[in-house]
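Chain by chain, the residues run as shown.
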Amino acid sequence: MSINIQHRSANHLVVFDFETTGLSPDMGDRAIEIGAVLIEDGKITDRFQQVMNPGIRIPLFIENLTGITNAMVKDARKNDFVMGDFYEFIAGHNLVAHNASFDERFLRAEFRRIKKYFSGGIVCSLLAARRIFQAAPNHQLVTLASYKNLPNDGVYHRALADAEVTAHLWLSMLDELHHQHGQPSPNFDFMFRLTKTPKHQLHKLYQKQTGKEFV
DNA sequence: TGCCAGGCCCTCTTTAGGGCCTT
């Protein structure tokens, strides 16, 4: 299994978010909605959103949390077809998600069912935000949206709405790195390295990128 | 009906524990 960041554009990426029946695909949980936005050169240029029928019952807790009900997915397309479309949507792009370890587990589990494999890079906006916005009260998506006054329609726990807010968070972090930390052209590759760098070594990463003393 | 996981990160750490995040 190799990660193919170098073969993908550093300035084109897809921000995605799943709503699911629970926390663990290994325990039988399934995706019930996928939402995503395409960012090209700092602008949202395309969107993807579909509710899907997972073939298992959605717990009441999840119905209340997301507003996605068993009745809503009853006549929706099944996961295999929706995930096939999503595979085409993300083709050739790197990915971003908030708390990406969660969404990546579901992405790989759903793709495995249709014999697909994603070989690009995935960056976690939560890990990036913990490094870039260290003074935030916490790093939940809703808190960061308020903290940075990000555009949002007040809807949370729906896939496209969360992906949109995460996309604005991503652009806000690139702006912060450029203007506050002097990074010349922060992009996916830099953010990937940022999230892999221990917090106490961040100053070395910043220095390496700019050649200047980090303040 | 109600429950489930896992990676990161900090610290009173590394022979560990617990909070933060995601649904």
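Because the structure is a prediction, the values reported are computed rather than measured. Once a new chain begins, its residue numbering starts again from 1 and follows that chain's sequence as written. Chains carry letters from A onward and ligands carry numbers from 1 onward, assigned in written order. Confidence filtering applies because this is a predicted model: local features only for residues at pLDDT of at least 70, side-chain atom pairs given and counted only at 80 or more, and all residues used for totals across whole chains, interfaces and linings. The side-chain quantities take in all heavy atoms of the structure and omit both hydrogens and water.

Draft legend 1. Seen up close, the confidence of the model for chain A. Overall, the predicted model of chain A reaches an average pLDDT of 91, with 94% of residues at or above 70. Predictor confidence is given residue by residue as pLDDT, running from a minimum of 0 to a maximum of 100. Strands are runs of DSSP state E lasting at least 2 residues, helices are runs of H or I lasting at least 4, and numbering of each runs from the N terminus. Here helix H9 (residues 202-210) is the element of chain A with the lowest mean pLDDT, 79, and helix H3 (residues 79-89) is the one with the highest, 98.

Draft legend 2. Representation of unusual backbone geometry within the structure. Despite not being glycine, Asp 41 has its phi angle at roughly 50°, a positive value. Mapped onto the secondary structure, Asp 41 falls in the loop between strand S2 (31-40) and strand S3 (43-51). Burial here depends on accessible area, computed with a 1.4 Å probe over protein chains only, as a share of the maximum for the residue type. Under 20% is buried, over 50% is exposed, and the range in between is partly exposed. The exposure class of Asp 41 is exposed, given its relative accessible area of 56%. The phi angle at Asn 99 is positive, at roughly 60°, despite the residue not being glycine.

Draft legend 3. Expanded view of the protein's contact with DNA strand B. Any residue with a non-hydrogen atom lying within 4 Å of a molecule or strand is treated as near it. The local shell around DNA strand B holds 26 residues, among which Glu 19, Asn 99, Arg 131, His 139 and Leu 141 are the closest. Counting only atoms of DNA strand B within 4 Å of the protein, the fraction found in sugar and phosphate groups is 67%. As used in this structure description, the phrase polar contact means that two N or O atoms lie within 3.5 Å; if the pair is within protein, one of them must be able to donate a hydrogen and the other to accept it, and residues adjacent in sequence are counted only when both atoms belong to side chains. Take Asn 99: an N or O atom from its side chain is 2.8 Å from a sugar or linking oxygen of DNA strand B. Arg 130 is positioned with one of its side-chain polar atoms (N or O) 3.5 Å from a base oxygen of DNA strand B. Elements that contribute at least two residues to the surface near DNA strand B include exactly strand S1 (12-20), helix H1 (60-66), helix H4 (100-113) and helix H5 (125-132). No other element matches the 4 residues that S1 contributes to the surface near DNA strand B. Here the term charged refers only to Asp, Glu, Lys and Arg, the term nonpolar to Ala, Val, Leu, Ile, Met, Phe, Trp, Tyr, Cys and Pro, and the term polar to all other amino acids, Gly among them. Counted by class, the surface near DNA strand B contains 8 nonpolar, 10 polar and 8 charged residues.

Draft legend 4. Representation of the sheet that holds strand S5 (residues 122-124). Pairing is mixed in the open sheet, where 5 strands are placed in the order S3-S2-S1-S4-S5. A single partner strand is all that each edge strand has here, and the edge strands are S3 and S5. Direction aside, the axes of adjacent strands within the sheet are offset by 25° on average. Two elements, S2 and S3, share 8 bridges in a ladder whose sense is antiparallel. In the strand pairing of S3, Leu 38 is matched with Asp 46. When checking whether two residues touch, look at their non-hydrogen atoms; a contact exists if any pair is within 4.5 Å. To get an axis, fit a line to the C-alpha atoms, keeping to the stretch in contact for a helix; angles then go from 0 to 180 degrees between the N-to-C directions. Most of the contacts of H3 go to S3, to which it runs at about 170°, and overall it touches S1, S2 and S3. H4 rests against S1, S2, strand S4 (94-97) and S5 of the sheet, and its axis sits at about 85° to S1. Pairing between two strands is assigned when DSSP locates at least 2 bridges connecting them.

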